[in-house]
Amino acid sequence: QNILTVCFLVGYSAVALNHVIDFKEKKQEIIKPVSPSELFPSLPIVQGTSKRIKVLTRLTLVVSDPSHCNLLRSTSANIRLYDIIAVFPKTEKLFHIACTTLDVDLVCINVTEKLPFYFRRPPVNMAIDRGIYFELLYTPAIKDSTMRRYTISNAISLMQICKGKVSENKVIKSPLELRGPYDVANLGLLFGLSEGEAKAAVSTNCRATMLHGETRKSACGVVYTVKKPRKVEEEETAVPACKKAKTQA
Amino acid sequence: AALSRRYVLCEVVSEDPRCRQCIEDRALGLAVRDAITRVHGDYGLACCSISFTVKYLNAYTGTVLLRCRKDSYRLLCSALPFVRFLESRGQRYPCFLNTLHVGGTIRTCQKFLIQYNRTQLLRLLQNCTNEEERQCIQKSLLSCSLTEEQSQIRDEEDDDGTE
């Protein structure tokens, strides 16, 4: 909770609580995500704007075997409850599957080690067409010097392949590992992005990922009905998630 | 102008309230230079040191204004996320720097800072429990202006101190 307070202070307008599922361990059940309203009775207002911060739930699946992907295809009700789904492929084949067929919003790339596979252009292009973004974590770079070297070299090669369709993220265990959005955009410059791309990596791309998650939850992203306590409204979200921002439900 | 400079406005964010006490220009300058060396090496440090100073410090609000050459401000800005702690008088406090604004003159940074402090006060106003503190902050908010900014910034800080 402390971490989130600092997030609000620094100016993030949306935060996702991550839940990691690693299939190497014994059979894991996808549990219902913790509802954000249970954690915070009232969400504070973002620094610098007048809107409240958004807390989303996110699921990260660490897949090292094709059978793990079946979970995504199943109609388990709990998966639908998460706002964003990310997958962390461990092999090249899985990377290919994740980019082309899996129904996810983000593909995580581990930049702290020498990657076991090279990125190839066709699956990356397909992922971009489908609206999937790639994610890299920058927290290891802050802590350790060897991590930093790996992070930068892997990040640069990633950027060259996926033409900047990246969203920079962090996994933080303590509030001190957090960095403000302006600083994260500056880190993007280190990773080889141009200024506009670096800013987008923190803002527009993340927003597009959120919208992608929304369209995934709704019926094929065409019609999205919301029942308000006062009246019933119908909203249409455009099929490509990165089009205009959705109107507030 | 031939000698163009950039002024980077940051905020020191820390969990430990004692960290604010060791916000002083030497400690901060050392921390930033150390981060630049780690990230950009000797070349980076040399480039950034040409016109590098800590221009303004505010221990109450944790605001810091750094100055550097226009040619090397990118090196400086990209190294700022790598500052992990401040050290002074033998004490080391973990913290991080949050970049608020980069401007070409001190005046633009000042304008931004006033605006920023105003929103900060508003935020503190929401968390006010005491009616007296509420009155105090409202008074400072209403009396914010650019012309007497030095004394105003000091007034706002005192309120932050009493929070």
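Residues numbered from 1 in each chain as written. Chains lettered and ligands numbered in written order. Predicted model: local features only at pLDDT ≥ 70, side-chain atom pairs only at ≥ 80, totals over all residues. Heavy atoms only, no water.

Caption draft 1: Focus on the overall build of chain A. A tally of regular secondary structure across chain A gives 11 helices and 8 strands. Taking all 249 residues of chain A together, 47% fall into the buried category. Contacts spanning at least 24 positions in sequence make up 71% of the contacts within chain A whose residues lie at least 6 apart. Taken as a whole, chain A presents about 12,700 Å² of accessible surface, with 56% of it coming from carbon and sulfur. (Helix = DSSP H or I, 4+ residues; strand = E, 2+ residues; numbered from the N terminus. Buried < 20%, exposed > 50% of the residue type's maximum accessible area, 1.4 Å probe, protein only. Contact = heavy atoms within 4.5 Å. Areas by Shrake-Rupley, 256 points an atom, 1.4 Å probe, with all protein chains shown as cover.)

Caption draft 2: Quick look at the side chain of N58 of chain B. Locating N58 of chain B in the fold gives a position in strand 2 (residues 53-58). At a separation of 3.2 Å, a polar atom in the side chain of N58 of chain B contacts the main-chain amide nitrogen of T61 of chain B. (Polar contact = N/O pair within 3.5 Å; in protein donor to acceptor, adjacent residues only side chain to side chain.)

Caption draft 3: Broad picture of the pairing of strand 6 (residues 96-103) of chain B. Residues and elements named next belong to chain B. With respect to burial, strand 6 is a largely interior element, 8 of its 8 residues being buried. Here 7 bridges tie strand 1 (residues 5-13) to strand 6, and the two strands are oriented antiparallel to one another. Bridge assignment links V8 to a residue of strand 6, and that residue is V102. (Pairing = 2+ DSSP bridges.)

Caption draft 4: Main features of the pairing of strand 4 (residues 106-109) of chain A. Residue and element names in this part refer to chain A. Here strand 4 shows no split at all, with L106 and C108 on one side and V107 and I109 on the other all buried. In the sheet, strand 3 (residues 84-89) pairs with strand 4 via 2 bridges, with the strands oriented parallel. Note on strand 4: the bridge partner recorded for V87 is V107. Handedness of the crossover joining strand 3 and strand 4 through helix 5 (residues 92-100) is recorded here as right-handed. (Right-handed = clockwise from strand over helix to strand, strands pointing away.)

Caption draft 5: Main features of the nonpolar core. Of all hydrophobic cores here, the largest spans 72 residues; its most connected members are F134 of chain A together with L66, L76 and L86 of chain B. At 7 residues, helix 1 (residues 25-48) of chain B tops the list of elements feeding residues into this core. Ignoring anything within four residues of it in the chain, the contact list for F134 of chain A reads F95, C99, V107, I109, V124, A127, I128, C162, K165, V166 and S167 of chain A. Counting 10 residues, the second-largest nonpolar core is a separate cluster that includes V62, C108, Y133 and M210 of chain A. (Core = buried A, V, L, I, M, F, W, Y, C linked by side-chain atoms within 4.5 Å.)

Caption draft 6: The state of the cysteines, seen in detail. Here the structure, examined in full by the defined rule, presents 0 disulfides over all chains. The structure places no disulfide on C68 of chain B, whose sulfur is separated from the nearest cysteine sulfur, that of C48 of chain B, by 6.3 Å. (Disulfide = S-S within 2.5 Å.)

Caption draft 7: Representation of the confidence of the model for chain B within the structure. Residues and elements named next belong to chain B. Chain-level statistics for chain B give a pLDDT mean of 79 and a share of 80% at 70 or above. For the stretch residues 146-163, pLDDT sits under 50, and the model shows 34 contacts to residues farther than four places along the chain or on other chains. Model confidence for the complex: the whole-complex pTM is 0.71, and ipTM, which rates the interface, is 0.71. (pLDDT = per-residue confidence, 0-100.)

Caption draft 8: Geometry of the confidence of the model for chain A. All names here are of chain A. Residues of chain A with pLDDT of at least 70 account for 56%, and the chain-wide mean is 68. Averaged over each element, pLDDT in chain A is lowest for strand 8 (residues 232-235) (36) and highest for helix 9 (residues 181-190) (82). Between residues 24-29, whose pLDDT stays under 50, and residues either more than four places distant or in other chains, the model counts 4 contacts. For the stretch residues 230-249, pLDDT sits under 50, and the model shows 36 contacts to residues farther than four places along the chain or on other chains.

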